[in-house]
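# Results of the structural survey
Residue-level listing of the chains:
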Amino acid sequence: RSIFADVDHDGDLDLLVLEETTARLWANDGTGAFADISNQAGLAANASAHQAFFTDFDNDRDIDFLILSNESLQLYTNNRDGTFSNIAAPLGLVASSPIALCVEDFNQDSYMDLCSLSASSSLTLLTNEKGKKFTARSLDMDLPEPLHGMRPADFDNDGDIDLLLFGADGIHPLVWHQREFHLQDRLMHSDKGNQQVLVADFDTDGTPDVWADGRYWRNETTAGNWIAIDLLGLNSNRDGIGTKVEVKTTNRLQKKELRGGSGAPDVLHFGLAREDSVEFIRILWPGGVRQTELATPARRRLELTELDRKGTSCPILYAWDGAQFRFVTDILGGAIIGYLTAPGHYNTPDTDEYVALDKIAPRDGRYVLKIANQLEEIIYLDALHLVAVDHPADVLVFPNERLLAAPPYPDFRLYPLKNLRPLQGAVDYRGKDIQHLLQSVDDNWYEGFELTSIHGYAREHSITLDVGDIAPDSHPVLLAHGWVDYAHSTSNWAAAQQGLSLSPPRVEVPDERGDWITASTDMGCPAGLPKNMLFDLKGIFKSSDHRLRITTNAAIYWDQFQVASRVEAPLQIQRLLPSRSDLQWRGYPSHTAIKNTFAFRYHYDRLQLEAEWGTHEGAFTRLGEVGELVQQADDRYVIMFHGDELTVEFSAAELMPLKPGLQRSFLLYADGFGKDMDFHSAHSLTVDPLPFHGMSSYPYPAAETYPATEAHLDYLLKYNTRYVKGYYE
């Protein structure tokens, strides 16, 4: 016997095989090849196993599983690192001679309960107490003996879970009513006994039927209304196995899990009693996407496809330009913490960034910026400065910014540029001319590479750029514009199963013989949504052939390349600290998906008040004035919940007057961290442990701790008083 589920939440179905002497867990690498991971996963050896279920018993957004053997009932909780721990005993799961089990939300509190059938034909209801323990209650009923098993379903469509018991003398329905099971008349008699029983709506009339040992029994009960839900995964597994579905009617909230394996229905059926519609259907796909369908009439089968939804990115920046708060871009793309690069390995965050603001204008004497946390993540903002750069009018100034895979990260440096010009030529790895795609910022980017089934991964590909003639005494610079579709922690986990890893853009140049040689193992890429990045070309060319070949397997979409010359120019730099900073909950500005991709363009004034996000648990910064927290990078953060907006103002009067012949450009300096809710990211369900700049890694070792100075302790007590309970459904 075998059952399927995506136990590592990487988008493919893994396999739990039950044998006479043991249970074996097999991991799918995404290509249909399976590896036995039973030992490293922590499964008990040499234990018989005759029934198993995958379920998220504690509602923490990962798939756990139960194994029923002749010796015991085992509950394996998912540790989110490829291992599982048997916690049945601490949770009160001690079964006596169990022969069968079913898993359903019998009391409809959104936690999955258990019903256990013993060899002596007694039933025990094990109520799930919010994932903390199970409370056992024996059901005092005179049941026929011997029984072989049971199947759950709502046979009369009244909204409760009933049971179908089968054994030596036939099939016996148990109807749930007023929080108790009631034995009904025997459904069918069998001299041989029933061993194989399936329950499903075989005739699609809205009531569950029975197939037993080759005989079909049509349900002719006068039943209530119903709704059936057929799921199709997109980024999750195609069958949607592991999906949790809630159906809300006027007086009832029902929850079911779609499971895979022998006897498990592939369509979820909900009885609605007299209700002629449902208020909403809420879905949590195993990939983490939350989805809601509203106001649906009863007595129909719905085919619901998983939404292709972007859950995480970075904080979104808006700037007052004199007429409106204009969307600028996202920031701190490299500052993510707990980002898994390979199993057991995590990134080193690049905590600061300088972002060009383009046009901004004072509002009532202050420059005003808005930073919004709009997605399913935590933002830890530590410092925000407005940097004004006065420069000659014939010069453009760009910061030395790009997203790198690992340290050392770019230091703060400004590049005064002149003579910006397009490339002389560009071809892709197929030899196709792509120069026209890279001449202007027009959302018509290069996308001629092949994507894989792993999000953020492409087949390795290259583009070759001809930068043209370069004067011997010049300092050439490559200015690029584009965006990257990030590979998530789960992407990297899935890639590792196939022996893959993410390769940052590698730059090669021809040597004097015309052979390609590596000039940089990582030129970087734009950090997140469409923006500029800069790559210094000084000294990179080894011959008069000024071509660059850029090779990667990352999903990077280049929109423009320009070649420029860095020049010596007088720059006057002024750095303003915030004069006022205010944190409030505002909501979620809507977006336009450029070309139906994850390159979003946000609209500040088109506000939504709800979003399909889960909730990290922990202490967020209380609302109100938070000015002292963003003056300097000191590990005292504004910790932002999704929907929060931080308004930061800078006094225009503090800037010196602009001298004749000069222009003024503005940059935002930002320092901080971010954390998503990806299944494979470290500590992805909680605010804690707090990051700090001196940590050696995240997660950091037990010997390291967040600073415990008087100032930091005062900060925690004074500011981080907005406690939010975790909600992952």
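Whatever comes next refers back to the structure up there.
Residues numbered from 1 in each chain as written. Predicted model: local features only at pLDDT ≥ 70, side-chain atom pairs only at ≥ 80, totals over all residues. Heavy atoms only, no water.

All right, on to the pattern of salt bridges then. Counting across every chain of the model gives 35 salt bridges. Linking Glu 729 and Lys 255 is a salt bridge whose minimum nitrogen-to-oxygen distance equals 2.4 Å. Of this pair, Glu 729 sits in the segment after strand 55 (722-724) while Lys 255 is found in strand 23 (residues 253-257), placing the two residues 474 residues apart along the sequence. Judged by its relative accessible area of 9%, Glu 729 is buried. Relative accessible area serves as the criterion here: at 3%, Lys 255 is assigned to the buried category. Where Asp 644 meets Arg 722, a salt bridge forms, and the shortest distance between an N and an O atom there is 2.6 Å. Here Arg 722 lies in strand 55 and Asp 644 lies in strand 53 (residues 644-651), a separation of 78 residues in the sequence. Classification of Asp 644 by relative accessible area gives buried; the value is 0%. The buried category is assigned to Arg 722, whose relative accessible area is 18%. One network of salt bridges, with partners in common, ties together Asp 56, Lys 244, Lys 255 and Glu 729. (Salt bridge = Lys/Arg side-chain N within 4 Å of Asp/Glu carboxyl O. Helix = DSSP H or I, 4+ residues; strand = E, 2+ residues; numbered from the N terminus. Buried < 20%, exposed > 50% of the residue type's maximum accessible area, 1.4 Å probe, protein only.)

Considering all chains together, one arrives at zero disulfides under this definition. Distance from the sulfur of Cys 102, which forms no disulfide, to the nearest cysteine sulfur (Cys 115) is 4.7 Å. Unpaired in terms of disulfides, Cys 525 finds its nearest cysteine sulfur in Cys 314, a separation of 11 Å. (Disulfide = S-S within 2.5 Å.)

With that settled, consider the sheet that holds strand 6 (residues 64-68). In space, the four strands of this open sheet follow the order 5-6-7-8, with antiparallel pairing throughout. With one partner strand each, in any of the chains shown, strand 5 (51-55) and strand 8 (84-86) form the two edges of the open sheet. Within the sheet, the average angular offset between the axes of one strand and its neighbour, ignoring direction, is 20 degrees. Of the strand pairs in this sheet, strand 5 and strand 6 are connected by five bridges, and their pairing is antiparallel. (Pairing = 2+ DSSP bridges. Axes fitted to C-alpha atoms, helices over the stretch in contact; angles between N-to-C directions.)

The next thing to look at is the packing of aromatic side chains. For the structure shown, the criterion picks out 31 aromatic pairs. Between Phe 65 and Tyr 76, the aromatic rings sit 5.0 Å apart at their centres with planes inclined by 20 degrees, giving stacked as the arrangement. With Phe 65 in strand 6 and Tyr 76 in strand 7 (residues 73-78), this pair connects stretches of sequence that are eleven residues apart. The buried category is assigned to Phe 65, whose relative accessible area is 0%. Judged by centre distance (6.0 Å) and plane angle (75 degrees), the ring pair of Phe 600 and Tyr 602 falls under edge-to-face. Residue classification places Tyr 602 among the buried positions, given a relative accessible area of 4%. Three or more aromatic residues joined by ring pairs make a cluster, and in this case those are Tyr 318, Trp 320, Phe 325, Phe 327, Phe 598, Phe 600, Tyr 602 and Tyr 604. Here the basic side chain of Lys 370 rests over the ring of Phe 325, its NZ or CZ set 5.1 Å away from the ring centre. (Phe/Tyr/Trp six-rings, centres within 6.5 Å; stacked < 30°, edge-to-face > 60°. Lys NZ or Arg CZ within 6 Å of the ring centre and 35° of its normal.)

Another point: the side chain of Thr 351. Secondary-structure assignment places Thr 351 in the loop between strand 32 (345-346) and strand 33 (352-356). Of the residues examined, Thr 351 reaches a relative accessible area of 15% and is grouped as buried. A distance of 3.1 Å separates polar atoms of two side chains, one belonging to Thr 351 and the other to Asp 671. Non-local contacts of Thr 351, meaning those with residues more than four positions away in its chain, are made with Leu 332, Ala 335, Ala 670, Asp 671, Gly 672, Phe 673 and His 693. (Polar contact = N/O pair within 3.5 Å; in protein donor to acceptor, adjacent residues only side chain to side chain. Contact = heavy atoms within 4.5 Å.)

Take Glu 617: it is sitting in the loop between strand 49 (600-608) and strand 50 (618-620). Counting along the chain gives 106 residues from Glu 617 to Tyr 723, while the straight-line C-alpha distance between them is 7.6 Å. Those residues in contact with Glu 617 that sit more than four places away from it in its chain are Leu 685, Thr 686, Val 687, Tyr 723, Val 724, Lys 725, Gly 726 and Tyr 728. Looking at Glu 617, its side chain comes within polar contact range of the side chain of Tyr 723, at 2.6 Å.

For the rest of this paragraph, the subject is helix 3 (residues 710-719). Buried within helix 3 are the following residues: His 712, Tyr 715 and Tyr 719. The arc that holds the buried residues of helix 3, viewed along the axis, is 65 degrees, so those residues lie on one side. Away from its buried face by more than 90 degrees, helix 3 exposes Glu 710, Leu 717 and Lys 718. (Arc of directions from axis to C-beta.)

With that out of the way, let us pick up a nonpolar patch on the surface. Nonpolar side chains collect at one region of the surface, where Leu 198, Phe 202, Trp 211 and Tyr 216 lie side by side and expose about 360 Å² of accessible area between them. In this fold, Leu 198 is placed in strand 18 (residues 197-200). By relative accessible area, which is 33% here, Leu 198 ends up partly exposed. (Patch = residues over 30% accessible without salt bridge, like charges linked within 9 Å, V, L, I, M, F, W, Y side chains within 5 Å. Areas by Shrake-Rupley, 256 points an atom, 1.4 Å probe, with all protein chains shown as cover.)

Another aspect to go through is the sheet that holds strand 1 (residues 2-5). Read across the sheet, five strands follow the order 4-3-2-1-24 without closing on themselves; strand pairing throughout is antiparallel. Pairing within the sheet leaves two strands with one partner each, and these edge strands are strand 4 (34-36) and strand 24 (260-261). Note that strand 1 and strand 24 share two bridges and pair antiparallel. What sits directly across from Ile 3, in strand 24, is Gly 261.

Distances and angles like these do not, on their own, reveal function.
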